[in-house]
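Commentary on secondary and tertiary structure
Here's the letter readout for the chains.
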Amino acid sequence: NNTNNSGSNGNGSNSAITPAKPAVTLPETKIAETVTEIKSAKTGVTIKVDMDDATVVPKEILKQAQGKDVNVVLEMNGYTWTINGKNIAASDLQDINLEVTRNTNYIPNGIVSAIAGNNPVEQISLTYNGNFGFKAELTINVGKQYYGKYGNLYYYDSDGKMVLMNAGAIDKDGNVTLGFSHASEYAIVITDVPASQNQSDGQVQTGQSLSSPKTGESGMNYFLLMMLMVGAVAFGVVTYGVVGEKKN
C-alpha cells in the first residue's frame, strides 16, 4: 500500500504531469479484435481488455461502445478503468491516455492537510489533462488494512480549492472504485464514513455528488419552514385575541 500523508510542492501549481515515457498504445490487431467484440456484444455484457503496458484508450473502441449498455474494462498495471458505453457522450472522441501516477505531490501540503487532517491520504495524477468526453470508474488498491472504510475523491481545481467529487467503500482486498470525467490532480482521503458535503473549511469546495440536496430542494424546505413559522405566529395572535375577548 502506498497511501500516506505526504503532498507538497509549495507553489500551488495545477499543471498536468509530464509522462516519464511516451504513451503506449494497443496494437492495431488488438484494437480491431476489441471493436469486433463490442460490436457483437449483447446488452449488459462486460468486455475485458488486457492493456499490458498500454495506457491509451483508442477512439475506435470508444466510438464502437458509445450508446451501448456494455462495460469496457481496461486492465492496466496496478489499476483498472471501467467505461460503460451509455456514459460516453462526446461527439468528437479522441484517443485518451488514462495513465495514473501514484504518490505525487502536486497539491500543496497545507491544502491537503486542510481536508485530510490526520486521515491517510494519497495524491494521484492523471497524465491526460481536461475532460474525457465520457464518465469512467477507476478501481485502485489502497491497502487491505482500510477494509470497511471509505476513499473520498477530491479534485484540485484551478482556483486552488479541493472539490469533493464522490466516495467509494473499500473492499476486503483494499480496492476502492471512484468516478472520473476529467483529468488533473486528485487526492484520495480515507475516512471511517463518506466525507460530508457540508464541510466548512475555507479550502474545501463541495461537488455535486454523494448526498447533496437536489436543486431547489433546500430552498423549498426553507420556504415551508418560514410558512409554518408565519402560520404559528398568526395562530398565536388569533388565539390571544379570542382569549382576550372572553376575559372582557
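Placed above this text is the structure.
This text gives an overview of the structure that appears in the document.

The rules behind these values
- Residues numbered from 1 in each chain as written.
- Predicted model: local features only at pLDDT ≥ 70, side-chain atom pairs only at ≥ 80, totals over all residues.
- Heavy atoms only, no water.
- Helix = DSSP H or I, 4+ residues; strand = E, 2+ residues; numbered from the N terminus.
- Buried < 20%, exposed > 50% of the residue type's maximum accessible area, 1.4 Å probe, protein only.
- Contact = heavy atoms within 4.5 Å.
- Areas by Shrake-Rupley, 256 points an atom, 1.4 Å probe, with all protein chains shown as cover.
- Expected span 1.5 Å × (residues − 1).
- Arc of directions from axis to C-beta.
- Phe/Tyr/Trp six-rings, centres within 6.5 Å; stacked < 30°, edge-to-face > 60°.
- Pairing = 2+ DSSP bridges.
- 1 Å grid on protein atoms, 1.4 Å probe; cavity = no way out; pocket = protein on both sides within 12 Å on 5 of 7 lines; lining within 4 Å.
- Points joined across faces, edges and corners; volume = space filled by probe spheres on them.
- Nonpolar A, V, L, I, M, F, W, Y, C, P; charged D, E, K, R; others polar.
- Polar contact = N/O pair within 3.5 Å; in protein donor to acceptor, adjacent residues only side chain to side chain.

Points about the overall build of the protein
Across its full length, the protein holds four helices and 11 strands. Taking all 248 residues of the protein together, the buried fraction comes to 38%. Summarising the internal contacts of the protein: among those between residues at least 6 apart in sequence, 75% fall at separations of at least 24. For the protein, the computed accessible surface area is about 13,600 Å², with 52% contributed by carbon and sulfur atoms.

Considerations on helix H1 (residues 28-39)
Helix length check: H1, at 12 residues, gives a terminal C-alpha distance of 16 Å against a target of 16 Å (1.5 Å per residue), a fit within 8%. If you check which residues of H1 are buried, you get Ile31, Thr34, Val35 and Ile38. Viewed along the axis of H1, the buried residues span an arc of 100°, placing them on a single side of the element. Opposite the buried face of H1, by more than 90 degrees, sit the exposed residues Thr29, Glu33 and Thr36.

What about helix H3 (residues 109-116)?
All buried positions along H3 are accounted for by Ile111, Val112, Ile115 and Ala116. Down the axis of H3, the smallest arc covering the buried residues is 120°, so these residues share one side. Of the residues trailing H3, Gly117 is marked for its positive phi of about 60°.

A closer look at the packing of aromatic side chains
All chains considered together, the criterion is met by six aromatic pairs. Geometrically, the ring pair formed by Phe132 and Phe134 is stacked, given 5.2 Å between the ring centres and 25° between the ring planes. Under the relative-accessibility criterion, Phe132 is labelled buried at 5%. By relative accessible area, Phe134 is classed as buried at 4%.

Here's the deal with the pairing of strand E8 (residues 150-156)
Within E8, six of the seven residues are buried, which leaves it mostly tucked inside the rest of the structure. Pairing geometry for E8 and strand E9 (residues 162-169), over seven bridges, is antiparallel. The partner of Tyr156 across the bridge, within E9, is Met162. Turn length for the E8-E9 hairpin, with the two strands adjacent in sequence and antiparallel, is five residues, and the turn residue Gly160 shows positive phi of about 80°. The pairing of E8 with strand E10 (residues 175-191) spans six bridges and is antiparallel. For Leu153, the partnering residue across the bridge sits in E10 and is Ile188.

A closer look at empty space enclosed by the protein
Throughout the structure, instances matching the rule amount to two cavities of 30 Å³ or more. Size it by volume and the second largest cavity reaches roughly 30 Å³. What lines the second largest cavity is Val57, Ile61, Leu62, Ala65, Val72, Ile83 and Ile88. Per-element accounting of the lining of the second largest cavity gives the leading share, three residues, to helix H2 (residues 59-65). For the lining of the second largest cavity, the class distribution of residues is seven nonpolar, no polar and no charged.

Side note on the side chain of Gln123
For Gln123, the location among the structural elements is in strand E7 (residues 121-141). For Gln123, a relative accessible area of 1% corresponds to the buried category. At 2.9 Å, the side chain of Gln123 and the backbone nitrogen of Ile107 are in polar contact.

Re unusual backbone geometry
Positive phi values are uncommon outside glycine, yet Asp52 reaches one of about 55°. Checked against the element boundaries, Asp52 lands in the loop between strand E1 (46-50) and strand E2 (56-57). One non-glycine residue, Asn103, adopts positive backbone phi at about 55°. Locating Asn103 in the fold gives a position in the loop between strand E6 (100-102) and H3. Note on Asn103: relative accessible area 32%, which makes it partly exposed.

Examining the pairing of E10
Side-chain direction in a regular strand flips from residue to residue, so the side chains alternate between the two faces of the sheet. Burial analysis of E10 places 13 of its 17 residues in the buried class, the great majority of the element. Of the pairings in the sheet, the one linking E7 to E10 comprises 13 bridges and is antiparallel in character. Among the inter-strand pairings, Ile140 is bridged to a residue of E10, identified as Val176.

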